[in-house]
Amino acid sequence: MNTEILGIIFMYGLVVLLAILLGRYIGKVFNYENTWFDKLFNPLDKLFFKLSGIDPKKEMNWKQHLVALLSINVVWFLISMFVLTNMSWLPLNPDGNPAIGAELAFNTSVSFVTNTNLQHYSGETGLSYLGQLILMLWQFISAGTGIAICAVVFIAMKERTAETLGNFYSFFVRTCTRILLPLAFVVAIILVFNGTPMTFEGKHSMITLQGDTVQVSRGPVAAFVAIKQLGTNGGGFFAANSAHPLENPNYFTNIIETISIILIPIAMVFAMGYVLKRKKLAWTIFGVMTLGFLLLLVPSVMNEMNGNPAIAKMGIAQSMGSMEGKEVRFGSAASAYWAINTTCTSNGSVNAMHDSMTPLTGMFTLLGMMVNCFYGGVGVGFLNFYIFIILAVFISGLMVGRTPEFLGKKIEAKEMKIAMVIALLHPFLILAGTAVASYLFANNPTEYAAWLNNPGYHGFSEILYEFTSSSANNGSGFEGLGDNTSFWNIATGIVMLMGRYLPIIGPVAIAGILAGKKYIPESAGTLKTDTSTFGLMVFAVIAILAALAFFPTLTLGPIAEYFSVH
Amino acid sequence: MKSNIIPAIKLTLVCLVLFSGIYTMSIWLVAQIAPNHGKGEIIAQNGKTYYTNVGQSFTDDNYFYSRPSAVKYNAAGSGGSNKGANNPDYLAEVQARIDTFLVHNPGIDKSEIPSDLVTASGSGLDPNISVQAAKVQVKRIANIRKLHETALSELITQQTEKPLLGLFGTEKINVLKLNLALDKLK
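Note that the structure is a prediction, hence the values are computed from the model and not measured.

### Focus on the overall build of chain B
Helices and strands together make up the secondary structure of chain B, namely 6 helices and 5 strands. Mapped in sequence order, the helices and strands of chain B form the string α-β-β-α-β-α-α-α-β-β-α. Taking 186 residues into account, the globule formula puts the C-alpha radius of gyration at 16 Å, and chain B, at 23 Å, lies well above it. With the principal axes as the frame, chain B shows a C-alpha extent of 80 × 45 × 35 Å. The 186 residues of chain B split such that 54% are buried. Carbon and sulfur atoms form 58% of the exposed surface of chain B, whose accessible area is close to 8,000 Å². Charge separation in chain B, taken as the distance between the mean sites of 19 positive and 15 negative side-chain charges, equals 9 Å.

This is the structure:
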């Protein structure tokens, strides 16, 4: 069998296996059960809370959880702004890189605090090592935020009536120390021994074999790349992200990094099964997510492996597939596989340039972000899926004439209103943003000529991709877009903020309200939510919503591009 | 919100120490026993050192070419062309690369040129080419360097890196290693 295809089958099989094991462990962490790492982390957590003056046993209701989350995120944003705009004189700047301006600092700070990692700068020239390490801190703790708030929703889904749902800080610290830190440590060590740099020395000037003088950028890359992948962050140390041979030196590191992208998102589903003792529900959700994932994956891999038809017409050999923007050591199958992983999970790191992929693969990466819950980002992917469950429960309840109930709680008008607003917010942010940008460009193509790197339908796709990526908190890009301008920095900054916090507030509010309601034990009249029938119902809701909201724009972009060649 | 701000600041500082400080330093410490002390793997020949994983520009006809690069292999930066698959300017560029290649490699048919040799990589620093990309250059290098084609084909076989465990991924050749070995052939 083709070794490129075998490689991606191996990666997927391995990650599902690991995710089942990890999900169990995460479930134990959320349940405060004993685990192997307690000896190390119990004292560490105590120290954390003592130094911060936090009582981790203080119970919080859903509103207090959200206030705690939002206030600590504000603190991070402010620290980030300070460091990024003052990097030039702060320490750890061996290359003497300048500080960045307020607009770019706003965009970058928002981007990393919201777990997006959209990058309108290049790591080599745009940041000092201190700047990189601060952004790496957000990579840890913004991922911790998502997972912690997802734990709150798990607790709220338990079959009982409860006003309080644990302590946010406690979930947050346990997530960062017990889940993210050990995993990041292992991945970083693997990378270091495979040639990823971990040094504080600056650029190295060297003469090539042919006699050219070049500079080689280095830095504390391994530590950064590990958490960038695990926390569905995706922001690269270097401009080329994980396509860069120092971030991702060989096929083995590519396997490790690809697995890291999707490991925690899948594990969260199984963690839910463990916390709620509802394994069947977890497998149902996993099944729906996997179905969607595979539907995006298979055609993308085929498209990239078949090569670019326009280049085929020139009469050269394309046995490796479409290679523009791709690395030989990964090949087109592993690049397409990564592209779907990174867009389905809101990671956004790349090992090949999405802008240069064939039109339909471009569309599937867009769809992954538009749906944003086929596994989804760490923690928040499940929250997005939760919204679709609520919608599906309500719709199927109406269809069969039963009261809509989910896990023993009645879903009423208030929850439905919140769910609808959140479900429509994502399309609204993407389409409104794209419409405004297209309007500006169409009215003044000369002034904004630097925006687009490609003419025609593909240029439109570049605009659409940027807003989709921002709203999905993904962070990848059709990087041809000239995005370091006031318009893009501010517009995508606002979209990222709304696309992060509202889809957290909504599901937490729904889960919190439901938790406070009377528990109704399951009866013969209850709609079962852990069956394949209900799974298909959820899938249908997702598909219909995505199709209705996004199909027209996709027609103007990638689909039009596809038909213009064929 | 106010009662949350002070603990939030303190907690953030503790996280800063653990994640940006202790975590980073412990990886750095481990890196000291890694290849080249975590400064990037290097390879030495004739008293000069090169980064194994960072691709170099090879445009001279007496070396195996590396792939086209959007950043001209200057590793101070990195990046791809970001050209769309159907961008007419881009397609004209690829056509020009094919034509140039044919001029420099007489006796080669178009259909023997693999796509990786005329398309730019994602990083602009791709250290590898496909096996076919090396083979298609044998005739030219044999002529210029006055070597037997069979010797070069053997060299390519030696330098071919098999898929991981023989099972996963692509077959490839590190252009720098290939050219270093080529210099030794004389």
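There is more to say after this.
### A look at the overall build of chain A
When helices and strands are counted, chain A shows 18 helices and 4 strands. Counting only C-alpha atoms and orienting by the principal axes, one finds that chain A spans roughly 75 × 55 × 50 Å. Burial analysis of chain A (566 residues in total) assigns 67% to the buried set. The contacts of chain A with a sequence gap of at least 6 include a subset with a gap of at least 24, amounting to 78%. As displayed, chain A offers around 18,000 Å² of accessible surface, 69% of which is attributable to carbon and sulfur atoms. Taking the average location of the 31 positive side-chain charges in chain A and that of its 30 negative ones, the two points are 16 Å from each other.

### Digging into the interface of chain A and chain B
Between chain A and chain B, the contact holds 106 residues from the first and 97 residues from the second. With both sides pooled, the region where chain A packs onto chain B buries about 8,100 Å², and carbon together with sulfur makes up 66% of that total. Broken down residue by residue, the surface that chain A buries against chain B is led by A:Leu209, A:Gln210 and A:Met314, which jointly contribute 10%. On the surface where chain A and chain B come into contact, there are 2 salt bridges. With its nearest N and O atoms 3.0 Å apart, the salt bridge here joins A:Glu201 to B:Lys39. At the junction of chain A with chain B, the criterion picks out 45 residue pairs in polar contact (both at pLDDT 80 or more). Examining the composition of the side of chain A that touches chain B, we find that 11 residues originate from one element, helix H7 (residues 168-192) of chain A, more than from any other.

### As for the confidence of the model for chain B
A residue-level look at chain B finds 98% of positions with pLDDT of 70 or above and a mean pLDDT of 92. Ranking the elements of chain B by mean pLDDT puts strand S1 (residues 42-45) of chain B last with 89 and strand S3 (residues 128-129) of chain B first with 96.

### What about the domain arrangement of chain B?
Looking at chain B, the domain boundaries give domain 1 (1-33) and domain 2 (40-185). Domain 1 of chain B and domain 2 of chain B are separated by 43 Å when their C-alpha centres are compared.

### Thoughts on unusual backbone geometry
Residues and elements named next belong to chain A. Non-glycine residue Asn 372 carries a positive phi angle of around 60 degrees. Within the element layout of this structure, Asn 372 appears in the loop between helix H13 (359-371) and helix H14 (380-400). Classification of Asn 372 as buried rests on a relative accessible area of 8%. Phi is positive for Leu 407, which is not a glycine, with a value near 50 degrees.

### What about empty space enclosed by the protein?
If you walk through the whole model with that rule in mind, you get 5 cavities of 30 Å³ or more. Of the pockets and cavities examined, the largest cavity occupies roughly 330 Å³. Classifying every residue of the lining of the largest cavity by side-chain character gives 17 nonpolar, 7 polar and 1 charged. There is about 70 Å³ of room inside the second largest cavity.

### Structural notes on the packing of aromatic side chains
Residue and element names in this part refer to chain A. Here the structure, examined in full by the defined rule, presents 35 aromatic pairs over all chains. Between Phe 441 and Trp 451, the ring centres sit 6.5 Å apart and the planes meet at 20 degrees, which makes this aromatic pair stacked. Here Trp 451 lies in the loop between helix H15 (413-443) and helix H16 (456-471) and Phe 441 lies in helix H15, a separation of 10 residues in the sequence. Ring geometry for Phe 467 and Trp 488: centres 5.2 Å apart, planes at 45 degrees, overall tilted. In this pair, Phe 467 sits in helix H16 while Trp 488 sits in helix H17 (residues 486-516), placing the two residues 21 residues apart along the sequence.

### Digging into the packing of helix H12 (residues 331-344) of chain A against H13(A)
All names here are of chain A. Across the interface, H12 lies against H13 with an axial gap of 7 Å and an inter-helix angle of 25 degrees. Overall, the two elements H12 and H13 adopt an arrangement that is roughly parallel. The crossing of H12 and H13 is right-handed. Residues Ala 339, Ile 340, Thr 343 and Cys 344 of H12 pack against Phe 364, Thr 365, Gly 368 and Met 369 of H13. Of the residues contributing to the contact of H12 with H13, the split by class is 5 nonpolar, 3 polar and no charged.

### Considering the sheet that holds S3(B)
All names here are of chain B. Taken together, 3 strands build an open sheet; the order of strands is S3-S5-S4 and the sheet is antiparallel. What marks the edges here is a single partner per strand, and that holds for S3 and strand S4 (160-161). Where S3 and strand S5 (residues 172-174) come together, 2 bridges link them in antiparallel fashion. When the sheet's bridge partners are listed, Asn 128 is paired in S5 with Asn 174. Contacts from helix H6 (residues 175-185) reach S3, S4 and S5 within the one sheet, and its direction differs from that of S5 by about 60 degrees.

### Topic: the state of the cysteines
Taken as a whole and assessed by the stated rule, the structure comprises 0 disulfides over all chains. Sulfur of A:Cys373: no disulfide; nearest cysteine sulfur belongs to A:Cys344 and is 9.2 Å away. For B:Cys15, which is in no disulfide, the shortest distance to another cysteine sulfur is to A:Cys176 and amounts to 5.6 Å. Residue classification places B:Cys15 among the buried positions, given a relative accessible area of 2%.

### Notes on the layout of surface pockets
Residue and element names in this part refer to chain A. Its boundaries defined by the atoms lining it, the largest pocket holds a volume of some 640 Å³. Forming the walls of the largest pocket are 26 residues, and the residues nearest its centre are Leu 18, Leu 21, Leu 22, Tyr 25 and Leu 183. Looking at the lining of the largest pocket, the elements that each hand over two or more residues are helix H1 (3-31), H7 and helix H9 (251-276). Sorting elements by how many residues they give to the lining of the largest pocket places H1 first, with 8 residues. Residues belonging to the lining of the largest pocket are distributed by class as follows: 20 nonpolar, 3 polar and 3 charged.

### Quick word on the environment of A:Gly131
Residue and element names in this part refer to chain A. By the secondary structure assignment, Gly 131 is in helix H6 (residues 129-156). The buried category is assigned to Gly 131, whose relative accessible area is 0%. Excluding its chain neighbours within four sequence positions, the residues that come into contact with Gly 131 are Val 83 and Met 87.

### Considering the nonpolar core
Core analysis: the biggest nonpolar cluster contains 236 residues, and A:Phe30, A:Ile141, A:Phe154, A:Met157, A:Phe172, A:Tyr386 and B:Tyr23 have the highest contact counts within it. Element by element, the count of residues in this core is highest for H6(A), at 21 residues. The residue makeup of this core includes at least three contributed by each of domain 1 (1-33) and domain 2 (40-185) of chain B. When near neighbours in sequence (up to four residues on either side) are disregarded, A:Ile141 contacts A:Trp76, A:Phe172, A:Cys176, B:Cys15 and B:Phe19. One finds A:Trp451, A:Leu452, A:Trp488 and A:Val495 within the second-largest nonpolar core, a separate group that totals 11 residues.

Scoring rules and cut-offs
- Numbers given for residues are sequential positions, taken from 1 along each chain in its written order.
- Each chain takes a letter, starting from A, and each ligand takes a number, starting from 1, following the order in which they are written.
- Per-residue local features of the predicted model are confined to residues with pLDDT of at least 70, and side-chain atom pairs are confined, for both listing and counting, to 80 or more; whole-chain, interface and lining totals are unaffected and use all residues.
- Based on all heavy atoms of the structure, the side-chain values leave hydrogens and waters out of the count.
- What counts as a helix is a DSSP run of H or I of at least four residues, what counts as a strand is a run of E of at least two, and both are numbered from the N terminus.
- Atoms counted for the radius of gyration: C-alpha only. Globule rule: 2.2 Å times residue count to the power 0.38.
- Working definition: with a 1.4 Å probe on protein chains only, accessible area under 20% of the residue-type maximum means buried, over 50% means exposed, and in between means partly exposed.
- Only the protein chains shown count as covering a residue, and every accessible area follows the Shrake-Rupley method with a 1.4 Å probe.
- Working convention for charge: Lys and Arg count positive, Asp and Glu count negative, and His plus the chain ends are omitted.
- Taken as the charge centre is NZ of Lys, CZ of Arg, CG of Asp or CD of Glu, depending on the residue.
- Contact between two residues is taken to exist if any of their heavy atoms lie within 4.5 Å; hydrogens are not considered.
- Once two parts are put together, the accessible area they lose, assessed with a 1.4 Å probe and summed over both, is termed the buried area.
- Here a salt bridge means any side-chain nitrogen of Lys or Arg lying within 4 Å of a carboxyl oxygen belonging to Asp or Glu.
- Definition of a polar contact: a pair of N or O atoms within 3.5 Å, with one able to donate and the other able to accept a hydrogen when the atoms are protein atoms, and with sequence-neighbouring residues admitted only if both atoms are side-chain atoms.
- Per residue, pLDDT measures the predictor's confidence, with a range of 0 to 100.
- Bear in mind that the domain bounds are from an automatic or database domain assignment.
- The method works on a 1 Å grid over the protein atoms by themselves. A cavity is a set of points holding a 1.4 Å probe that cannot get out, a pocket is an open set with protein on both sides within 12 Å along at least five of seven lines, and residues with an atom within 4 Å of a point line them.
- Grid points are joined across faces, edges and corners, and a volume is the space filled by probe spheres set on the points.
- Gly counts as polar in this scheme, as do all residues outside two lists: the nonpolar Ala, Val, Leu, Ile, Met, Phe, Trp, Tyr, Cys and Pro, and the charged Asp, Glu, Lys and Arg.
- Side-chain rings of Phe, Tyr and Trp (the six-membered ring for Trp) are treated as a pair once their centres are within 6.5 Å; stacked means planes under 30 degrees apart, edge-to-face means over 60, and tilted covers the remaining angles.
- Geometry is summarised by axes, namely lines fitted to C-alpha atoms with helices restricted to the contacting stretch, and by angles between N-to-C directions that run from 0 to 180 degrees.
- In what follows, roughly perpendicular refers to angles from 65 to 115 degrees, roughly parallel to angles under 35, roughly antiparallel to angles over 145, and oblique to any angle outside these ranges.
- In this scheme the handedness of a crossing depends on how the near helix is turned from the far one: anticlockwise by less than a right angle means left-handed, clockwise means right-handed.
- DSSP-based pairing: two strands are paired if at least 2 bridges between them are found.
- Working definition: a disulfide is two cysteine sulfur atoms within 2.5 Å of each other.
- Note on terminology: a nonpolar core comprises buried Ala, Val, Leu, Ile, Met, Phe, Trp, Tyr and Cys residues joined through side-chain atoms within 4.5 Å.

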